Amino acid sequence: MLKGFHRIPGLRKCHSTPFNPRSPCKWASDPNDIRNILCDGPILHAVQMSNVFPDCKTFVDMNVKTSIPAINGAWKTIAAQYGKQPVPMTTILKFLEDHFETVEGDSQLEKWVPTDWTPNPKILDKVEDSEYKYFAKELNNLWLKLGRKMNAKVETEKNKTTLLYVPNGFIIPGGRFRELYYWDTYFILLGLFACDMFQTAKGIIENMIYLLKNHGSMFNGTRIYYQFRSQPPLLLKMVDEYVDATQDFSMVEKNFRVLEREMIFWESTRKIKVTVDGKTHDVFRYNCCMPGPRPESYREDYSTAEKSSNEQKLYKYQAIASACESGWDFSSRWFKCKKGNTIKDMHTHEIIPVDLNAFMHMNYEILKKWSTRLKLENETRKYTELSDKIKEAIRDVLWDELDGIWYDRDTRDGSLNKEYATSNFTPLWTRSFNDKAKVEIAERMLEYYSKYNLWKYKGGLPTTMCFSGEQWDWPNSWAPLQLIASQGFRNVGLPVLGYKTASNWVNNNYTGYLKHNVIFEKYDCRRPGMTGFGGEYEEQVGFGWSNGVLFQFMQEYPDRLKPSVPEERKIPFLSTKSLSEEEENSLT
Ligand SMILES: OC[C@H]1O[C@H](O[C@H]2O[C@H](CO)[C@@H](O)[C@H](O)[C@H]2O)[C@H](O)[C@@H](O)[C@@H]1O
């Protein structure tokens, strides 16, 4: 299969920006644009490198108290005084105090109580187990903590914040993630549907459509510093689930052409041609322009690229931002699990990922269904053809007959990445295979599942088996991956695996809730109830998508889910600190 793999020349070229795919990526040309303070330039560099904030996101989320010209003027004076010398911390602190305020201290991002929230949604009656009924009630209360709305000032007063305006209230992930995130929102919506919050869900989807209309593509999140990258394309699926839940097809009728733009964006900026065994296919990759370090993780990226030539630096920034676009920031998927490899070796935009291509197939199927219903004959034909083609590409380019699973393919040498990754199950969720092969695929999945003893991870399916220290790797387990795998197993007729995945996950989150009274962003697959760890920021709690997936599983199995017996739950709780490699090995 590898023989005869060709990469089409020019793949290395970065050719995408959200506004105009042909223009080079630059934050902003107007010196009085806030992006020249909070996304780029000497002030950003000085503040972030001074270590004044342990988390670089703190600075770029601050609001401007004065004005950009005042900030530029004040900095000019400071720069003239210190020249090439580092600016003392006291001067930086005074400068920040004079011109910025923390996001908590102002009214641009307001707490918001969703108008259709009720203390007793119907799901509470459906869940039979009394402990889980209590858990569902607690989770329902968490929506109140995670609801936010933007003040109209965000829209009217330009250059005061990096926030991007959306008109309706929304649910944030939680912790340091105070804004609306793209792919998180799909999983959050599942929870809102389960809690009968259809108005809130509608408002959130309309926010997404508003962003797409205004910016031409979906950004990673509602901050201007995310403007060069997207996230896994799940908007069409959000709308499709909304229509299923409410039978309100008018959302599609009104927005069909806008929603098509999401696909146009991926097609015009992320599509490449690959040839495998003499056959050329169109496939998709995560690939965004990035002119420099991510503003919200400036110090980290600066140090990752520090010792590189200017050309290598740009390659690294592109690989980093593209990994963020994948939602898997960061993971050995993007740098190969090999001793000594780190995020410095990332080449994300040269990889053809299984999950992205499966999502695109699902999107074409959704568009095919909608255009049939809207009686748009040309579109029905077009999307049928595109759906068939990408399905064929997923089989020819990503399926490995020997191991019986789909793998990411590296376009640099044509090799498949044969490491275990939960993303390898995504085509099951999106049904990106020929129906006739379903039974055979189910058998191969069982083999694959057993080969890695996946049944033994009571804290959820591991993300990968590679201990890289990054958060989208061993031993972490993440809510979106459990949902995709669980529903995917069911789609091919493996209900036992589907249920087991769901039941382990709910038990894991419940155990953690009893112990710590919070819901984590990610968990440890080996130790139910423990937070996951690693990566560039501290463990976060909240947490939007974890809550959403819990509700979805409760909705799917209201009468079957039960917590594990208390004895089993008495697992020695270790510290939340990262383990040393030796400790890691002793546990596995
Ligand atoms: O600030 C570092 C990175 O944080 C985000 O990524 C993580 O959180 C997101 C929100 O829950 C989630 O969508 C993503 O999958 C996580 O890895 C952000 O999306 C990144 O772009 C950002 O650089």
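Only a predicted model underlies this, so the values are computations on that prediction, with no experimental measurement involved. (Residues numbered from 1 in each chain as written. Predicted model: local features only at pLDDT ≥ 70, side-chain atom pairs only at ≥ 80, totals over all residues. Heavy atoms only, no water.)

J.: It is not clear to me how the overall build of the protein should be interpreted in this structure. Could you clarify?
T.: A count of helical and extended segments in the protein gives 23 helices and 14 strands. A compact globule built from 588 residues should have a C-alpha radius of gyration of about 25 Å, and the protein, at 24 Å, falls within 12% of that. Projecting the C-alpha coordinates of the protein onto the three principal axes gives extents of approximately 70 × 60 × 60 Å. Across the 588 residues of the protein, 60% fall into the buried class. Within the protein, contacts between residues at least 6 apart in sequence are counted, and of these 74% link residues at least 24 apart. A total accessible area of about 23,300 Å² is found for the protein, and carbon and sulfur atoms account for 52% of it. Across the protein, 78 positive and 76 negative side-chain charges occur, with their mean positions spaced 2 Å apart. (Helix = DSSP H or I, 4+ residues; strand = E, 2+ residues; numbered from the N terminus. Rg over C-alpha atoms; globule rule 2.2 N^0.38 Å. Buried < 20%, exposed > 50% of the residue type's maximum accessible area, 1.4 Å probe, protein only. Contact = heavy atoms within 4.5 Å. Areas by Shrake-Rupley, 256 points an atom, 1.4 Å probe, with all protein chains shown as cover. Lys, Arg positive; Asp, Glu negative; His and termini not counted. Charge placed at Lys NZ, Arg CZ, Asp CG, Glu CD.)

J.: When you look at the sheet that holds strand β5 (residues 147–150) in this model, what are you seeing that I'm missing?
T.: Adjacent strands of a sheet form backbone hydrogen bonds with each other and so pair up, either parallel or antiparallel. Here 3 strands make up an open sheet; going across it, the order is β4-β5-β6 and the pairing antiparallel. Two strands close off the open sheet at either side, each with one partner strand: β4 (109–111) and β6 (170–171). For β4 and β5, the ladder comprises 3 bridges, and the chain directions are antiparallel. For L109, the partnering residue across the bridge sits in β5 and is M150. (Pairing = 2+ DSSP bridges.)

J.: It is not clear to me how the side chain of E379 should be interpreted in this structure. Could you clarify?
T.: Mapped onto the elements of the fold, E379 is located in helix α16 (residues 377–398). Residue E379 is classed as buried on the basis of its relative accessible area of 15%. Apart from residues no more than four positions distant in its own chain, E379 is found in contact with F256, R257, E260 and S371.

J.: Can you walk me through helix α9 (residues 182–194) in this structure?
T.: Each turn of an α-helix holds 3.6 residues, which means side chains three or four residues apart point in the same direction. Taken across its 13 residues, α9 has 13 buried, putting it largely inside the fold. After α9 finishes, the residue D196 shows a positive phi value of roughly 60 degrees.

J.: Got a minute to help me understand helix α21 (residues 544–556) in this structure?
T.: Helix length check: α21, at 13 residues, gives a terminal C-alpha distance of 19 Å against a target of 18 Å (1.5 Å per residue), a fit within 8%. Counting buried residues in α21 gives 11 out of 13 residues, a clear majority hidden from the surface. Inspection of α21 places G544, W545, S546, N547, G548, V549, L550, F551, Q552, F553 and M554 among the buried residues, and these make up the whole buried set. Buried residues along α21 sit in contact with α6 (123–126), α7 (130–146), α9, α19 (479–491), α20 (495–516) and β14 (523–524). (Expected span 1.5 Å × (residues − 1).)

J.: Can you walk me through the packing of aromatic side chains in this structure?
T.: When we look at a pair of aromatic rings, we describe it by the centre distance and by the angle of the planes. Applying the stated rule across the entire model yields 46 aromatic pairs. Between F135 and Y510, the aromatic rings sit 5.1 Å apart at their centres with planes inclined by 55 degrees, giving tilted as the arrangement. Within this pair, whereas F135 is found in helix α7, its partner Y510 is found in helix α20, the two being separated by 375 residues in sequence. The exposure class assigned to F135 is buried, which follows from its relative accessible area of 0%. Both rings, one in F187 and one in W545, keep their centres 6.2 Å apart while their planes meet at 85 degrees; by these two values the pair is edge-to-face. Of the two residues, F187 is situated in helix α9 and W545 in helix α21; the sequence distance between them amounts to 358 residues. (Phe/Tyr/Trp six-rings, centres within 6.5 Å; stacked < 30°, edge-to-face > 60°.)

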